[in-house]
Amino acid sequence: MQEYLASKPFDLYALHLFHLVVKHRSFTRAAREAGLSQSALTRQMQALEERLGMALLNRTTRSVEITEAGKFLAVEATRLIGGVASALDGLQAEFGSVRPEVRVSVSRTLAMAHMPGLFHANHQRHPEVVCRVSYNASNAILTALEAGEIDVGVLCPPTPLPDSIRVTHRFKDAFELIVPASMAAKAPMKRAAHFRHWMAQQPWLHIAAETNTGKNLRRWLKRQGLDLTVAMELDSFDLIINLVASGFGLAFVPRRALALYRRKESIVTLPYSERFEREVVAVTRRHRKLPRHVEGFVGNILF
């Protein structure tokens, strides 16, 4: 091992830069995040490939493609960088003088009404702990978690989850059909066939198709035999609810998301024979010991 390290220096910084290139699929964006010039980043990647004796990246004028060797290294680099970051975070949390911090990334498809269950109890019990919160797409949350860039992720999970990810909490998030109050009286509720036909004639607001929730909801609608006219796609249920209240169309939204909406008189919830549910989970990295303040935060999640 000593001979190998002497001839092939293990450079965490180069691995970090490689991770950024893979993350962004772009030398320009990776260099911007790293605070380097594009030419300096290119030299770093060329030196890494020379030391390893293999190509990791195929560069074109428009994109960066990852070779099979690069894909293998990308997985291992993410774990290594995440492990080092976690060790340093734990060291700082246990022995440092700064306030402990929990980095939480929440899926954009969760609504504001989901937030109290995540943060309220920990804020009451440990006000000294700083929570740094970000909204991201689910795949970005999992990547950041594996890289040690965040401590906890909250999302509607893909199937399957990576082996390196551990689920700490689960809950079923039931959805409701909502319509503008101005349209509710026109809905033919007495006969199911007429109601389904009426639904198909209305404009619909859907959560974005590329999200895990969007994919699951569309599969459910297909099983229901509902062919709905999509007027708008959005990545926020809070925004969808506000637009439904303003008369833009109908939507299926999490029941919990309606809890904090104040203009309830502008929305009507209509019964539907079947109910869509999604699963929401809180996740951490599996192969790491959580710092005490992060473990405490996870224990205080109320769902």
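Quick caveat, the model's predicted, so the values are computed rather than measured.

Overview of the pattern of salt bridges
As enumerated under the stated definition, the model contains 11 salt bridges in all. A salt bridge links Arg 170 to Glu 279, with the nearest nitrogen and oxygen atoms 3.0 Å apart. Here Arg 170, found in strand E6 (residues 165-180), pairs with Glu 279, found in strand E11 (residues 277-285); they are 109 residues apart in sequence, far enough to count as distant. Looking at Glu 279, the relative accessible area reads 23%, which means it is partly exposed. The shortest N-O distance in the salt bridge between Asp 173 and Arg 278 comes to 3.0 Å. Pair noted here: Asp 173 is in strand E6 and Arg 278 is in strand E11, with a separation of 105 residues, a long-range link. Exposure class is identical for Asp 173 and Arg 278. Each is buried. Here the salt bridges share partners, and the residues they tie into one network are Lys 23, Glu 33 and Glu 149.

Looking at the layout of surface pockets
Of the pockets and cavities examined, the second largest pocket occupies roughly 320 Å³. Taken together, His 19, Val 22, Lys 23, Arg 25, Ile 66, Lys 71, Ala 74, Val 75, Thr 78, Arg 79, Thr 143 and Glu 146 form the lining of the second largest pocket. Every element with two or more residues in the lining of the second largest pocket is listed here: helix H2 (12-24), helix H5 (68-95) and helix H7 (138-146). When residues in the lining of the second largest pocket are grouped by element, the largest group, 5 residues, is from H5.

Reading the values: the criteria
- Along each chain, residue indices are assigned from 1 in the same order as the chain's sequence is written.
- Totals for whole chains, interfaces and linings use all residues, but because this is a predicted model, local features are given only for residues with pLDDT of at least 70 and pairs of side-chain atoms are given and counted only at 80 or more.
- Here the side-chain values reflect all heavy atoms present in the structure, with hydrogen atoms and water set aside.
- The salt bridge criterion pairs a side-chain nitrogen of Lys or Arg with a carboxyl oxygen of Asp or Glu, the two atoms within 4 Å.
- Only DSSP runs of H or I with at least four residues qualify as helices, and only runs of E with at least two residues qualify as strands; both kinds are numbered from the N terminus onward.
- Whether a residue is buried, partly exposed or exposed follows from its accessible area with a 1.4 Å probe, protein chains only, as a fraction of its type maximum: under 20%, in between, or over 50%, in that order.
- For each structure, a 1 Å grid was placed over the protein atoms alone; sets of points admitting a 1.4 Å probe that cannot get out are labelled cavities, open sets with protein on both sides within 12 Å along at least five of seven lines are labelled pockets, and lining residues have an atom within 4 Å of a point.
- Grid points are joined across faces, edges and corners, and a volume is the space filled by probe spheres set on the points.

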